[in-house]
Amino acid sequence: MGTILAKGLLRAGWSPSDLVLAARRPEGAAAAEQDTGIRTLLDPAEAAAGRDVVVVAVKPKDVPGLVAQLDGVLDGEQVLVSLAAGVPLAVYEAAFPGVPVVRAMPNTPAAVDEAMTAYCASPGTATDALERAAAVLGAVGETIHLSEDLLDAVTAVSGTGPAYVFLLAEAMTEAAIREGLPHHAAEVLVHQTIRGAGRLLSESGKSAFRLRGEVTSPGGTTAAAMHVLEEGGFRALMEDAIRAAAARARELGEESGGRR
Ligand SMILES: NC(=O)c1ccc[n+]([C@@H]2O[C@H](COP(=O)([O-])OP(=O)(O)OC[C@H]3O[C@@H](n4cnc5c(N)ncnc54)[C@H](OP(=O)(O)O)[C@@H]3O)[C@@H](O)[C@H]2O)c1
């Protein structure tokens, strides 16, 4: 996610010299540097010192180690932006008193500047710090400012959400092939259908319910398909999946040393 964001910043007009990355292993640093063209250090303290915005993009379980490495490095002029799923603001507030902290949850469509990122900030974060964080997050897509108690739900909905759509794409493609379509045609049909439906949903101003109604004539083909999905428990399954993802986000936060 760190390199995805960095490449988005470059596309949005940041110069490689504006940015510094950090990785843990020499192979990781070499791969990040090759992928982005941005100088990549093995010492996160050196990478973070004096930077306007410091983005934490390590796995939640690696947050405590990274926080220890950044001890005494950050100051109140900087803003720390954490992308780590489930890790509460309190973890950073305790480690870096006086440093504005933003907790954000982007998603992988950031790679094509279509991210959905929700973020929250530590109490008292100045507008200027918030704007700097939002500018970085907004370089790769849409942003929304929410309260922290909603972030685990966000993780389960939009953070994890692309995988739900990819699973849908896989299932539709397999079914299309079983209906006799050649593999390539099945993929083209499914991918463009998902893309088109997504654009219609976001650009038409109509609700999902209304758009679905518009393609569902009584006794028609869509009605037949919807009946199977509803009878099969599609909605309940989606609810269970999102609940499981939110619960896992909470667990990851606890494993990272976060107090709720
Ligand atoms: N993937 C998603 O869809 C998504 C969406 C939203 C949020 N997130 C969040 O983004 C975070 C990163 O996820 P990811 O999938 O991008 O993980 P990842 O591929 O494992 O990348 C983590 C990076 O952090 C580096 N790192 C770990 N500890 C470090 C340390 N102490 N100092 C310097 N660098 C260190 C690793 O370096 P090495 O390679 O050298 O080990 C690696 O480059 C997670 O917390 C996740 O919850 C992910």
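Procedures and definitions
- Residues numbered from 1 in each chain as written.
- Predicted model: local features only at pLDDT ≥ 70, side-chain atom pairs only at ≥ 80, totals over all residues.
- Heavy atoms only, no water.
- Domains from an automatic or database assignment.
- Helix = DSSP H or I, 4+ residues; strand = E, 2+ residues; numbered from the N terminus.
- Buried < 20%, exposed > 50% of the residue type's maximum accessible area, 1.4 Å probe, protein only.
- Arc of directions from axis to C-beta.
- Contact = heavy atoms within 4.5 Å.
- Pairing = 2+ DSSP bridges.
- Right-handed = clockwise from strand over helix to strand, strands pointing away.
- Near = heavy atom within 4 Å.
- Polar contact = N/O pair within 3.5 Å; in protein donor to acceptor, adjacent residues only side chain to side chain.
- Areas by Shrake-Rupley, 256 points an atom, 1.4 Å probe, with all protein chains shown as cover.
- Nonpolar A, V, L, I, M, F, W, Y, C, P; charged D, E, K, R; others polar.
- Axes fitted to C-alpha atoms, helices over the stretch in contact; angles between N-to-C directions.
- Parallel < 35°, antiparallel > 145°, perpendicular 65-115°, else oblique.
- Left-handed = near helix turned anticlockwise from the far one by under 90°.

1. Let's talk about the domain arrangement of the protein
One can read the domain layout of the protein as domain 1 (2–148) and domain 2 (161–249). Here the C-alpha centre of domain 2 lies 33 Å away from the C-alpha centre of domain 1.

2. Side note on unusual backbone geometry
Among all residues except glycine, the phi angle is most often negative; among peptide bonds, the trans geometry is most common. Of note in this structure, Asp113 is not a glycine but carries a positive phi near 60°. Looking at the secondary structure, you find Asp113 in the loop between β5 (101–105) and β6 (115–121).

3. Brief notes about helix α1 (residues 2–11)
Those residues of α1 lying buried are Leu5, Ala6, Gly8 and Leu9. Buried positions in α1, seen along its axis, are confined to an arc of 160° and lie on one side of it. Structurally, α1 contributes buried residues whose contacts are with β1 (21–22), α2 (26–36), β3 (53–56) and α6 (127–138). At the exit of α1 stands Gly13, carrying a positive phi of roughly 115°.

4. Section: the pairing of strand β7 (residues 141–145)
Bridge count for β6 against β7 is five bridges, and the pairing is parallel. The partner of Thr117 across the bridge, within β7, is Thr143. Once the chain exits β6 it traverses α6 before rejoining the sheet at β7, and the crossover so formed is right-handed.

5. Some remarks on the site of the ligand
Surrounding the ligand, one finds 19 residues, the nearest of these being Met1, Arg24, Arg25, Val58 and Gln69. At 3.1 Å from an oxygen atom of the ligand is found a side-chain nitrogen or oxygen belonging to Lys59. At 2.9 Å from an oxygen atom of the ligand is found a main-chain nitrogen or oxygen belonging to Ala85. The fraction of the free accessible surface of the ligand (900 Å²) that becomes covered by protein chains is 76%. Partitioned by chemical class, the residues of the shell around the ligand number 13 nonpolar, three polar and three charged.

6. What to know about the environment of Thr222
Looking at the secondary structure, you find Thr222 in helix α11 (residues 221–231). Through-space distance from the C-alpha of Thr222 to that of Arg212 is 8.9 Å; in sequence the pair is 10 residues apart. Not counting residues up to four positions away in its chain, the partners in contact with Thr222 are Val215 and Thr216.

7. Things to note about the sheet that holds strand β4 (residues 79–82)
An order of β3-β4-β5-β6-β7 is seen for the five strands of this open sheet, with the pairing classed as mixed. Unpaired on one side and paired on the other, β3 and β7 mark the two borders of the sheet. On average, each strand axis in the sheet is tilted by 25° relative to the strand beside it, whichever way the strands run. For β3 and β4, the ladder comprises four bridges, and the chain directions are parallel. Across the sheet, residue Val53 finds its bridge partner in β4, namely Val79. Its contacts with the sheet put α6 on β3, β4, β5, β6 and β7, and the angle it makes with β7 is roughly 145°.

8. A short note on the environment of Ala171
Note on placement: Ala171 falls in helix α8 (residues 161–178). Considering only alpha carbons, one finds Ala171 and Val190, 19 residues apart in sequence, at a separation of 9.7 Å.

9. Details of the packing of α1 against α2
How two helices sit against one another is set out by the angle between their axes and by the gap between those axes. The geometry of α1 relative to α2 is characterised by a closest axis approach of 10 Å and an angle of 25° between their N-to-C directions. Classed by the angle they form, the pair α1 and α2 counts as roughly parallel. For the pair α1 and α2, the sense of crossing is right-handed. Two secondary-structure elements touch here, α1 through Thr3, Ala6, Lys7 and Leu10 and α2 through Ala32, Asp35 and Thr36. Looking at side-chain class alone, the contact of α1 with α2 contains three nonpolar, two polar and two charged residues.

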